[in-house]
Amino acid sequence: MKILEKIGFNPNEIDELKENIPSLIMQELDKEERLVLNNIDILKELDINNYPLIFKNYYEMFLMDSSVFKEVFEKYDHDDLIDKINKNVTIIEHL
């Protein structure tokens with residue numbers, strides 16, 4: 001669960017995520033820590049400030065190859081996309 005601490009989740013949030021994320025996915029997230037952190041860095045570089053909420057709701061997407069992950073967000077107008085994601089993370093379902 002070190003990955004969740006590095007992302008910035010508090011102990012209560014970590015407990016909640018442990019209950020909601022299937023154990024096999026959690027193991028994969030821990031195993032692919034570098035990939036997950038790289039993808040989070042991509043969101044930070046794009047000025048997406050609610051990345052913990054995105055992770056909480058769409059944790060599986062953080063296992064995507066970083067180049068593919070980045071392409072998902074670069075297909076759209078940067079400012080418009082960032083504004084929409086920061087207001088409502090469910091927009092990610094439509095990317």
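Residues numbered from 1 in each chain as written. Predicted model: local features only at pLDDT ≥ 70, side-chain atom pairs only at ≥ 80, totals over all residues. Heavy atoms only, no water.

Caption draft 1: Structural view of the confidence of the model for the chain. Residues with a pLDDT of 70 or more make up 99% of the chain, whose mean pLDDT is 91. Helix H1 (residues 2-7) is the least confidently modelled element of the chain, averaging 82 in pLDDT, while helix H4 (residues 33-45) averages 94, the highest of any element. (pLDDT = per-residue confidence, 0-100. Helix = DSSP H or I, 4+ residues; strand = E, 2+ residues; numbered from the N terminus.)

Caption draft 2: Spotlight on the pattern of salt bridges. A complete count under the given rule lists 6 salt bridges for this structure. With a closest N to O distance of 3.9 Å, Lys-70 and Glu-74 form a salt bridge. Residue Lys-70 and its partner Glu-74 are located together in helix H6 (residues 66-74), separated by 4 residues, close to a single helical turn. A residue is classified by how much of its surface remains accessible, and Glu-74, at 48% relative accessible area, is partly exposed. (Salt bridge = Lys/Arg side-chain N within 4 Å of Asp/Glu carboxyl O. Buried < 20%, exposed > 50% of the residue type's maximum accessible area, 1.4 Å probe, protein only.)

Caption draft 3: Geometry of the packing of H4 against helix H5 (residues 51-58). At a minimum axis separation of 10 Å, H4 and H5 run at an interaxial angle of 135°. Taken together, the axes of H4 and H5 lie oblique to each other. For the pair H4 and H5, the crossing hand works out as right-handed. Between H4 and H5, the contacting residues are Val-36, Ile-40, Leu-43 and Lys-44 on the first element and Tyr-51, Ile-54 and Phe-55 on the second. Per-class residue counts for the contact of H4 with H5 are 6 nonpolar, no polar and 1 charged. (Axes fitted to C-alpha atoms, helices over the stretch in contact; angles between N-to-C directions. Parallel < 35°, antiparallel > 145°, perpendicular 65-115°, else oblique. Left-handed = near helix turned anticlockwise from the far one by under 90°. Contact = heavy atoms within 4.5 Å. Nonpolar A, V, L, I, M, F, W, Y, C, P; charged D, E, K, R; others polar.)

Caption draft 4: Structural detail: the environment of Leu-37. With respect to the helices and strands, the residue Leu-37 is situated in helix H4. Placed 25 residues apart in sequence, Leu-37 and Phe-62 show a C-alpha to C-alpha distance of 8.3 Å. Every residue in contact with Leu-37, bar those within four places of it in the chain, is listed here: Ile-3, Lys-6 and Ile-7.

Caption draft 5: Structural detail: the side chain of Ser-66. By secondary structure assignment, the location of Ser-66 is in helix H6. Leaving out residues up to four positions away in the same chain, Ser-66 has contacts with Leu-35, Asn-38, Asn-39 and Ile-42.

Caption draft 6: Summary view of the nonpolar core. Ile-54, Phe-55, Phe-62 and Phe-73 are the most contacted members of the largest nonpolar core, which has 31 residues in total. Listing elements by their share of this core, those giving two or more residues are H1, helix H2 (11-20), helix H3 (23-31), H4, H5, H6 and helix H7 (78-87). Those residues in contact with Phe-62 that lie beyond four places of it in its chain are Leu-35, Val-36, Asn-39, Ile-40, Leu-43, Ile-54, Phe-55 and Phe-69. (Core = buried A, V, L, I, M, F, W, Y, C linked by side-chain atoms within 4.5 Å.)

Caption draft 7: Structural context of unusual backbone geometry. The phi dihedral of Asp-47 falls on the positive side, at around 65°, and the residue is not glycine. The topology assignment puts Asp-47 in the loop between H4 and H5.

Caption draft 8: Structural view of the packing of H4 against H6. Orientation of H4 relative to H6, taken along the N-to-C sense of each, is 25°, at an axis distance of 10 Å. With respect to H6, the element H4 is oriented roughly parallel. Taken as a pair, H4 and H6 cross one another with a handedness that is right-handed. Here H4 contributes Leu-35, Asn-38, Asn-39, Ile-42 and Leu-43 to the contact with H6, which in turn contributes Ser-66, Phe-69, Lys-70 and Phe-73. Among the residues forming the contact of H4 with H6, the class breakdown is 5 nonpolar, 3 polar and 1 charged.

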